[in-house]
Amino acid sequence: MKREEAAAAGGSGLSTRAVHAGGVEPVPGAPVVTPIVPSATFFNEPAPTGEVLYTRYGTNPNHRVLAAKLAALEGAEAALPVGSGQAATALALLAYCGAGDHVVAARALYGGTSTLLTRELPRLGIGVTFVERAEQWAESLRPETRALFVEIPVNPTLRVPDIRPLARLSAERGVPLLVDATFATPVNFRPIEHGAAVVIHSATKYLGGHSDLIAGVVAGPATLVEEVRGKLKSFGPALDPHAAWLLERGLKTLAVRVRQQNGNAERLARWLEAHPAVARVHYPGLASHRDHAVARELFDGFGGMLGFVVHGGDDAAVRVLGRLRLLSVAPSLGGVETLVSMPCFTSHAASSREERHALGIDDGFVRVSVGIEDVEDLRDDLARALEPEVK
Ligand SMILES: *Cc1c(COP(=O)(O)O)cnc(C)c1O
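Keep in mind that what you see is a predicted model, and the values were worked out from it rather than measured.

1. Regarding the packing of helix 4 (residues 85–96) against helix 9 (residues 222–235)
Then, in step 1: Two elements in contact, helix 4 and helix 9, have axes whose closest approach is 9 Å; the angle formed by their N-to-C orientations is 115 degrees. As far as their axial angle goes, helix 9 and helix 4 are roughly perpendicular. Of the two elements, helix 4 crosses helix 9, and the hand of that crossing is right-handed. Counted together, Leu-91, Ala-92, Leu-94, Ala-95 and Tyr-96 of helix 4 and Leu-224, Glu-227, Val-228, Lys-231, Leu-232 and Phe-235 of helix 9 form the full contact between these two elements.
Then, in step 2: For the contact of helix 4 with helix 9, a count of residues per class yields 9 nonpolar, no polar and 2 charged.

2. Topic: helix 5 (residues 111–123)
Because the α-helix completes a turn every 3.6 residues, residues three or four places apart line up on one side.
Then, in step 1: Over its 13 residues, helix 5 runs 18 Å from end to end, which matches the ideal 18 Å to within 8%, given 1.5 Å per residue.
Then, in step 2: The sharpest bend along helix 5 measures roughly 35 degrees and falls at Leu-117.
Then, in step 3: Within the sequence span of helix 5, burial applies to Thr-113, Leu-116, Leu-117 and Leu-121.
Then, in step 4: Next to the buried residues of helix 5 lie helix 4, strand 2 (102–106), strand 3 (127–131) and strand 4 (145–151).

3. Description of the pairing of strand 2
Then, in step 1: Along strand 2, 5 of the 5 residues are buried, which leaves the element largely enclosed by surrounding structure.
Then, in step 2: Of the two faces of strand 2, the one lined by His-102, Val-104 and Ala-106 and the one lined by Val-103 and Ala-105 are each fully buried.
Then, in step 3: Both strand 2 and strand 3 contribute to a ladder of 5 bridges, which runs parallel. In the sheet register, Val-104 faces strand 3, and the bridge partner there is Thr-129.
Then, in step 4: Between strand 2 and its parallel partner strand 3, the chain crosses via helix 5, and the hand of that crossover is right-handed.
Then, in step 5: Pairing analysis gives 4 bridges linking strand 2 to strand 4, with the strands arranged parallel. Bridge assignment links Val-104 to a residue of strand 4, and that residue is Leu-148.

4. Concerning the packing of aromatic side chains
Then, in step 1: A full pass over the atoms with the stated rule returns 3 aromatic pairs.
Then, in step 2: An angle of 70 degrees between the planes, with centres 5.3 Å apart, marks the rings of Tyr-54 and Tyr-57 as edge-to-face.
Then, in step 3: Residue classification places Tyr-54 among the partly exposed residues on the basis of a relative accessible area of 30%.
Then, in step 4: Of the residues examined, Tyr-57 reaches a relative accessible area of 24% and is grouped as partly exposed.
Then, in step 5: Taking the centre distance of 5.2 Å and the plane angle of 50 degrees together, the rings of Phe-189 and Phe-299 count as tilted. Note that Phe-189 is positioned in the loop between helix 8 (185–188) and strand 6 (198–202) and Phe-299 in the loop between helix 12 (292–298) and strand 9 (305–310), a separation of 110 residues in sequence. For the pair Phe-189 and Phe-299, a shared accessibility class is recorded, and that class is buried.

5. Notes on the side chain of Thr-55
Then, in step 1: Structurally, Thr-55 can be placed in the loop between helix 2 (14–20) and helix 3 (61–74).
Then, in step 2: A distance of 3.1 Å separates polar atoms of two side chains, one belonging to Thr-55 and the other to Asn-60.
Then, in step 3: Ignoring any residue separated from it by four or fewer positions in sequence, one finds Thr-55 in contact with Ser-39, Ala-40, Phe-42, Asn-60, His-63, Ala-238, Leu-239 and Pro-241.

Each value, and the rule that gives it
- Residues numbered from 1 in each chain as written.
- Predicted model: local features only at pLDDT ≥ 70, side-chain atom pairs only at ≥ 80, totals over all residues.
- Heavy atoms only, no water.
- Axes fitted to C-alpha atoms, helices over the stretch in contact; angles between N-to-C directions.
- Helix = DSSP H or I, 4+ residues; strand = E, 2+ residues; numbered from the N terminus.
- Parallel < 35°, antiparallel > 145°, perpendicular 65-115°, else oblique.
- Left-handed = near helix turned anticlockwise from the far one by under 90°.
- Contact = heavy atoms within 4.5 Å.
- Nonpolar A, V, L, I, M, F, W, Y, C, P; charged D, E, K, R; others polar.
- Expected span 1.5 Å × (residues − 1).
- Bend = angle between axes of the 7 residues up to and from the residue.
- Buried < 20%, exposed > 50% of the residue type's maximum accessible area, 1.4 Å probe, protein only.
- Pairing = 2+ DSSP bridges.
- Right-handed = clockwise from strand over helix to strand, strands pointing away.
- Phe/Tyr/Trp six-rings, centres within 6.5 Å; stacked < 30°, edge-to-face > 60°.
- Polar contact = N/O pair within 3.5 Å; in protein donor to acceptor, adjacent residues only side chain to side chain.

Here it is in structure tokens:
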């Protein structure tokens, strides 16, 4: 049996799939690691009968290895790596929707996704309805609705919308459910197992895992993935083979990284919750989190992202960030290094204070992308930075 078939076969664990699926066939003399193939084009017969390979088509050998690995990780029929997470979302929605069609999406979304849905899709004649409460999904559907879109978990409050009623609605009404599961990774949550049609990732984050590439993924039914490939060919946001190679390298350690990040984040969340300078901690693994019960049912791990609220509001939070030495202040997430940011200055800078409060982003909110460092060192750095805020 070919190595990738063996790795994709039932029973092989997630880490095994992350290392082996799609990999080089282990015959004597073959390289152990996939070579980088920075070739734009590939030799052909004068009158080719088979598939024409071209790097913009997502058919470069580095793309193909990734496609097999990502489909195996998500339990999807097929997958396609593209040039960014933003491209993955845009191409997936364009594969389902054209002028006159309609999308129903959760209100709380990654900023780039919100902009795409509020500014770009309407210009193409695609209507969008945003949903704030679970009971609004069903009533928002129209005859021309072609996609339901949700992000799990939600940035930065780590709310966990229950995907199961949405999957039932999707099945009843025949409208596919698309899930951006960037924050969860397939290690913690695989939406297709719960009835989603399509999974989208910003592979820039955990899948790459080293803050050194920009990439995205669409995984789902083979027919849909071919539609997405059609959009990729037309709009052109292909993944560079060098970045594809780096992403494959990163994916091999996905499970060990994410499990370490899960453990670190859970320990920091518990420690922060007991800290006198901290008003509140947002982490789905804490019993105090609003969606703890849903997260326990859906997730294999609670993730490496957490939020905490410093007593004294945004000024106090800015002071805390200014005292950090090991943790660095930067947007983005999912890398091996711990990064902190304040959503009021980054993802939610365009929202008013009232809008932020309505989304659960209190004054003094700090988002942490917990890395793989020794958790004691992370805790000590946070302790030193928080100490002067204890009143
Ligand atoms: C970063 C991110 C994106 C966009 O991904 P890029 O790779 O930056 O284009 C989409 N969704 C979520 C949840 C993200 O965190």
